[in-house]
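So the chains spell out like this:
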Amino acid sequence: MSYILALDQGTTSSRALVFNHDGSVRGSAQKEFRQIFPQAGWIEHDPREILASQTGVAAEALIRAGVSARDIAAIGITNQRETTVVWDRATGMPVYNAIVWQDRRTAAHCDQLKAAGSEPLFTRKTGLVLDAYFSGTKLHWILANVPGAREKARAGKLAFGTIDTWLIWHLSGGKSHYTDASNASRTLLYNIHEGCWDEELLEILDIPRAVLPEVGPSSGMIAQTAGDLFAGNIPITGVAGDQQAALFGQCCFQPGMVKNTYGTGCFMLMNTGTQAKASRNRLLTTAAWTRGRTASYALEGGVFVGGAVVQWLRDGLGMIRTSAEIEPLAASVADSDGVYFVPAFTGLGAPHWDPYARGTLVGLTRGTTRAHIARAALDGIAYQVADVLTAMQADAAIPVTELRVDGGAAANDLLMQFQADLLGVPVVRPRQLESTAQGAAYLAGLAVGYWQDEAEITSLWKADRTFEPSMDARRREAMLAGWAKALGRAKQWEEP
């Protein structure tokens, strides 16, 4: 019997999961790694630590599953997107830390590009807004600030990649410099309509073409692992950015189907089929995945701080000891008692796109307790997601009949019920919350015939619980109005 190994490289941890043919997890392992904060608004990772943690948990997952490398039919990779790595092709060593997707150091550069009138061009070609979130300005920053980097890049001595590319390079022993469209479409450098790196955008950002990886399908023969890593050559046949992988794992194969992932951030995607649909409400148009010659697209809205607010309450404030404590603490009060928590620690994402917003806690009284703050923190996640769905429904002109959810915080019943109440549509939680890793596994397995087609995969998807909306419409409107006031206090807090 063979299995699929999924490598799920996230913002705060590296995970590996071994999947059975029925889509269930046979064994898994996870390891957190350091978050590096050189100064306010800057967030970095050590790429070497990411690689070591990812290969380490892969080996551990195989042991826990009771299988060997010989039992693995294929490997699928999914990754935190936009996080940017540049390394030396000869040594494989990074020239600088990975600049994380949440990092805001290039906000001023984005403002300059907007002032020069470049944003409409970037949006038309890439489907993105000009924001420090994406990889292009991060790559520009590394080449401009690491001594000698741009000259080496022009000479073809350096390689750029998002985390998928960094992992594939090292897992293949430096033989494959590769990414797929779902990741390439998050760089500000990739033309999603023509399916290639865009020379005009490269020139604007002064990015040498020689540093960029090959762009290929999300499902297909990508590389083989070097023998010393897994005691054998395992084919790597699936790759997708984490949110697109979750859309695939949730079996949202038909236009109009929507999923939201509750991870470090929250990311909502709607399948728009084979058409790249432009947004009128400040959402993103993104490549979802490519299989063969067929490209699928999605509308996306991203919330920068979702589950990370719980991590901050745990690690930053010491208000809880474990993340699991947040739900019973928040549930110990009937509501937030008028307290609103806008967790804009790294600015606001869609549909606001305000890099200068900052976290705000408002509505405090002498009666406010830590339970009210915990409740407001969970509510703040749901409010941000509601803002995105409102924009998405306006863009798509398709009524959303249900929201499929996944990610760690989707296990929180209190949050899911409040989410359904705010949205006014059912929230459906699957039995398998590992949709991101599952999507990577499905993409890899389809490429080697482990699963035959999307219909077979759809038959494996099972709902665990459906949360039906139960909030009175007048109360919902009042709470959303309070949220809008709180947002107004958080926006433009920092000076540009």
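Bear in mind the structure is a predicted one, so any value in this text is a computation, not a measurement.

## What to know about the overall build of the chain
The number of helices and strands found in the chain is 17 helices and 23 strands. Radius of gyration (C-alpha) of the chain: 21 Å, near the 23 Å computed for a compact globule of 496 residues. Burial statistics for the chain: of 496 residues in total, 62% are counted as buried. In the chain, once contacts between residues fewer than 6 apart in sequence are set aside, the share between residues at least 24 apart is 72%. Of the roughly 18,300 Å² that the chain leaves accessible, carbon and sulfur atoms contribute 50%. Here the chain holds 45 positive side-chain charges and 50 negative ones, and the gap between their average locations is 1 Å.

## Here's the deal with the confidence of the model for the chain
On average, the chain scores 93 in pLDDT, and the residues at 70 or more come to 99%. Looking over the chain, one finds the lowest element-wise mean pLDDT in helix H9 (residues 227–230), namely 70, and the highest in strand E6 (residues 85–88), namely 98.

## Quick notes on the packing of helix H13 (residues 370–396) against helix H14 (residues 413–423)
Orientation of H13 relative to H14, taken along the N-to-C sense of each, is 40 degrees, at an axis distance of 9 Å. Viewed along their axes, H13 and H14 adopt a mutual orientation that is oblique. The crossing of H13 and H14 is right-handed. The residues of H14 that touch H13, namely those facing Arg375, Leu378, Asp379, Ile381, Ala382, Tyr383, Val385, Ala386 and Leu389, are Leu414, Leu415, Phe418, Gln419, Leu422 and Leu423. For the contact of H13 with H14, the per-class residue count stands at 12 nonpolar, 1 polar and 2 charged.

## Observations regarding helix H11 (residues 308–315)
Within H11, burial applies to Ala308, Val309, Val310 and Leu313. In this fold, the buried residues of H11 make contact with helix H12 (326–331), strand E19 (340–342) and H13.

## Brief notes about unusual backbone geometry
Only a minority of non-glycine residues have a phi that is not negative, and only a minority of peptide bonds are not trans. Between Ala350 and Pro351 the backbone carries a cis peptide bond, its omega angle lying at -5 degrees. Mapping Pro351 onto the fold places it in the loop between E19 and strand E20 (360–362). At Asp206, a position not held by glycine, the phi torsion is positive, near 55 degrees. Mapped onto the fold, Asp206 is located in the loop between helix H8 (199–205) and strand E12 (214–216). The partly exposed category is assigned to Asp206, whose relative accessible area is 31%. Phi at Asp337 takes a positive value of approximately 55 degrees, unusual for a residue other than glycine. Inspection of the secondary structure puts Asp337 in the loop between H12 and E19.

## Looking at the nonpolar core
Ile207 and Tyr262 are the most contacted members of the largest nonpolar core, which totals 132 residues. The dominant element in this core, judged by the number of residues it contributes, is H13, at 16 residues. Apart from the residues lying within four places of it in its own chain, the contact partners of Tyr262 are Ile381, Val385, Leu403, Val405, Asp406, Gly407, Gly408, Ala409, Ala410, Leu415, Met416 and Gln419. Core analysis: the second largest hydrophobic core is formed by 36 residues, Leu7, Val85, Ile222 and Phe230 among them.

## Here we look at the side chain of Thr179
As for its position among the elements, Thr179 is in strand E9 (residues 178–180). At 2.7 Å, the side chain of Thr179 forms a polar contact with the side chain of Asp164. Setting aside its immediate chain neighbours within four residues, Thr179 contacts Thr162, Asp164, Thr165, Ala184, Trp197, Pro213, Glu214, Val215 and Gly216.

## A few points about the pattern of salt bridges
In total, this model carries 27 salt bridges according to the counting rule given. Taking the shortest distance from any N to any O, the salt bridge between Lys125 and Asp198 comes out at 3.1 Å. In this pair, Lys125 is assigned in helix H3 (residues 119–126) and Asp198 in the loop between strand E11 (196–197) and H8, connecting sequence segments 73 residues apart. The same class applies to Lys125 as to Asp198, namely buried. Several salt bridges converge on common partners, so that one network encompasses Arg81, Glu82, Arg186, Asp242 and Glu300.

## A few points about the pairing of strand E8 (residues 158–161)
Along E8, one buried face is formed by Leu158 and Phe160 and the opposite face, lined by Ala159 and Gly161, is buried too. Across 4 bridges, E6 lies against E8 in antiparallel orientation. Paired with Val86 across the two strands is Phe160, which belongs to E8.

## Let's talk about the environment of Ala357
Here Ala357 shows up in the loop between E19 and E20. Overall, the relative accessible area of 0% leaves Ala357 in the buried class. When the C-alpha atoms of Ala357 and Val342 are compared, they prove to be 9.5 Å apart, with 15 residues separating the residues in sequence.

## Re the packing of aromatic side chains
To describe a pair of aromatic rings, one takes the distance between the centres and the angle between the planes. Taken as a whole, this structure holds 24 aromatic pairs when the rule is applied. Considering the side-chain rings of Tyr383 and Trp483, the 4.9 Å spacing of their centres and the 10 degrees angle between planes classify their relative orientation as stacked. Of this pair, Tyr383 sits in helix H13 while Trp483 sits in helix H17 (residues 473–490); the two residues are 100 residues apart in sequence, bridging distant segments of the chain. Comparing Tyr383 with Trp483 shows no difference in burial state: the two are buried. Through a chain of ring-to-ring contacts, the aromatic side chains of Trp101, Tyr133, Phe134, Phe267, Phe304 and Trp353 assemble into a single cluster. Positioned above the aromatic ring of Phe267, the side-chain terminus of Arg81 is 5.3 Å from the ring centre. The ring of Trp141 carries Arg105 above its face, with NZ or CZ at 4.6 Å from the centroid.

## Focus: the side chain of Thr264
For Thr264, the position within the fold is in the loop between strand E15 (258–262) and strand E16 (266–273). When neighbours within four sequence positions are excluded, Thr264 is seen to be in contact with Thr11, Thr12, Trp101, Gln102, Phe304, Val305, Gly306, Gly307 and Ala308.

Cut-offs and rules
Sequence order as written defines residue numbering, which begins from 1 separately in each chain. Totals for whole chains, interfaces and linings use all residues, but because this is a predicted model, local features are given only for residues with pLDDT of at least 70 and pairs of side-chain atoms are given and counted only at 80 or more. The side-chain figures draw on all heavy atoms in the structure; neither hydrogens nor water molecules are used. In DSSP terms, a helix is any run of H or I states spanning at least four residues, a strand is any run of E spanning at least two, and both are numbered starting from the N terminus. Computation of the radius of gyration draws on C-alpha atoms, with the globule rule given as 2.2 Å multiplied by the number of residues to the power 0.38. Burial classes follow relative accessibility: with a 1.4 Å probe on protein chains only, a residue under 20% of its type's maximum area counts as buried, one over 50% as exposed, and anything between as partly exposed. We call two residues contacting when some pair of their heavy atoms lies within 4.5 Å. Note on areas: these come from Shrake-Rupley sampling with a 1.4 Å probe, and a residue is covered only by the protein chains present in the view. Neither His nor the chain ends is counted toward charge; the positive residues are Lys and Arg and the negative residues Asp and Glu. For the purpose of locating charges, the reference atoms are NZ of Lys, CZ of Arg, CG of Asp and CD of Glu. pLDDT runs from 0 to 100 and stands for how confident the predictor is about each residue. Every axis corresponds to a line fitted to the C-alpha atoms, with the helix fit spanning only the stretch in contact, and the corresponding angles, defined between N-to-C directions, vary from 0 to 180 degrees. For classification purposes, an angle smaller than 35 degrees is called roughly parallel, one larger than 145 roughly antiparallel, one from 65 to 115 roughly perpendicular, and anything else oblique. The handedness criterion is simple: a crossing whose near helix is rotated anticlockwise from the far helix by less than a right angle is left-handed, and one whose near helix is rotated clockwise is right-handed. Lys, Arg, Asp and Glu make up the charged group, whereas Ala, Val, Leu, Ile, Met, Phe, Trp, Tyr, Cys and Pro make up the nonpolar group; the residues left over, Gly among them, are polar. The criterion is simple. A nonpolar core is a set of buried Ala, Val, Leu, Ile, Met, Phe, Trp, Tyr and Cys residues joined through side-chain atoms within 4.5 Å. Pairing of N or O atoms within 3.5 Å defines a polar contact, subject to two protein rules: one partner must be a possible hydrogen donor and the other a possible acceptor, and residues neighboring in sequence count only if both atoms are side-chain atoms. In the sections that follow, a salt bridge refers to a side-chain nitrogen of Lys or Arg positioned within 4 Å of a carboxyl oxygen of Asp or Glu. By this definition, two strands are paired if DSSP reports at least two bridges between them. Two aromatic rings, drawn from Phe, Tyr or Trp (for Trp, its six-membered ring), form a pair once their centres lie within 6.5 Å of each other, and the interplanar angle then sorts them: stacked below 30 degrees, edge-to-face above 60, tilted otherwise. Any Lys NZ or Arg CZ found within 6 Å of a ring centre and within 35 degrees of that ring's normal is scored as a charge over the ring.

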